[in-house]
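Listed below are the residues making up each chain.
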Amino acid sequence: TGLRFFTVYGPYGRPDMAAFSFANKIMKGEELRIFKAPDGSELERDFTYIDDIVKGTVAAVDSIGPSVKPAPFKVYNLGNRNPENVTYLVELLEEFLGKPAVRKYVPLPETGD
């Protein structure tokens, strides 16, 4: 069984994740690079709170059936059902930090973000 997590955030998040990285850059007055898709649309992300990831992980473990051969293979996507664009995250950070972001919209690199 595989579990796929989508943009997990919470009080002890990694400093390289968008929420923490953007907050630090906003406070320092540094530029935020926000990626645009090839068609010009803004990318969206499923921002998922850590408590929801924990609940989903426990639910996946609780759903394990009896041992059989070959072992069944399932993939569970643990994310939010309502993706948000990155600008929305930036707007929330601006509101709560009380400081505007320096935004730079750039094309998404071929290797992704």
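Note that the coordinates shown come from a computational prediction; the quantities given were computed from them, not determined experimentally. (Residues numbered from 1 in each chain as written. Predicted model: local features only at pLDDT ≥ 70, side-chain atom pairs only at ≥ 80, totals over all residues. Heavy atoms only, no water.)

Q: What is the right way to read the nonpolar core from this model?
A: Inside soluble globular proteins, nonpolar side chains tend to come together where they are buried. Judged by nonpolar contacts, Phe22, Ala23, Ile26, Leu32, Ile34, Phe47, Val86, Leu89, Val90, Leu93 and Ala101 together constitute the single largest core of 11 residues. Sorting the residues of this core by element identifies α1 (18-28), β3 (31-36) and α3 (86-97) as the ones contributing at least two each. The contact partners of Ile26, leaving out residues within four places of it in the chain, are Leu32, Leu93, Glu94, Leu97, Lys99, Pro100 and Ala101. (Core = buried A, V, L, I, M, F, W, Y, C linked by side-chain atoms within 4.5 Å. Buried < 20%, exposed > 50% of the residue type's maximum accessible area, 1.4 Å probe, protein only. Helix = DSSP H or I, 4+ residues; strand = E, 2+ residues; numbered from the N terminus. Contact = heavy atoms within 4.5 Å.)

Q: In this structure, what is going on with the packing of aromatic side chains? I would like to understand it.
A: To describe a pair of aromatic rings, you give the distance between the ring centres and the angle between the ring planes. Under the definition given, this model contains one aromatic pair. Both rings, one in Tyr9 and one in Tyr49, keep their centres 5.3 Å apart while their planes meet at 65°; by these two values the pair is edge-to-face. Here Tyr9, found in strand β2 (residues 8-9), pairs with Tyr49, found in strand β5 (residues 48-49); they are 40 residues apart in sequence, far enough to count as distant. (Phe/Tyr/Trp six-rings, centres within 6.5 Å; stacked < 30°, edge-to-face > 60°.)

Q: Which parts of the structure should I look at to understand the packing of α1 against α3?
A: Helix-helix packing: each pair is described by the crossing angle between the helix axes and the interaxial distance. α3 packs onto α1 with a crossing angle of 50° between their chain directions and a minimal axis gap of 10 Å. Relative to α3, α1 is oriented oblique. Taken as a pair, α1 and α3 cross one another with a handedness that is right-handed. In this structure, α1 uses Ala18, Ala19, Phe22, Ala23, Ile26 and Met27 to contact α3, whose residues at the interface are Val86, Leu89, Val90, Leu93, Glu94 and Leu97. A breakdown of the residues in the contact of α1 with α3 according to their chemical character gives 11 nonpolar, no polar and one charged. (Axes fitted to C-alpha atoms, helices over the stretch in contact; angles between N-to-C directions. Parallel < 35°, antiparallel > 145°, perpendicular 65-115°, else oblique. Left-handed = near helix turned anticlockwise from the far one by under 90°. Nonpolar A, V, L, I, M, F, W, Y, C, P; charged D, E, K, R; others polar.)

Q: Looking at this structure, I do not really get a nonpolar patch on the surface. What am I missing?
A: On the surface, Ile50, Val54 and Val58 cluster together to form a nonpolar patch covering roughly 220 Å² of accessible area. With respect to the helices and strands, Ile50 occurs in helix α2 (residues 50-62). Given a relative accessible area of 32%, Ile50 falls into the partly exposed group. (Patch = residues over 30% accessible without salt bridge, like charges linked within 9 Å, V, L, I, M, F, W, Y side chains within 5 Å. Areas by Shrake-Rupley, 256 points an atom, 1.4 Å probe, with all protein chains shown as cover. Salt bridge = Lys/Arg side-chain N within 4 Å of Asp/Glu carboxyl O.)

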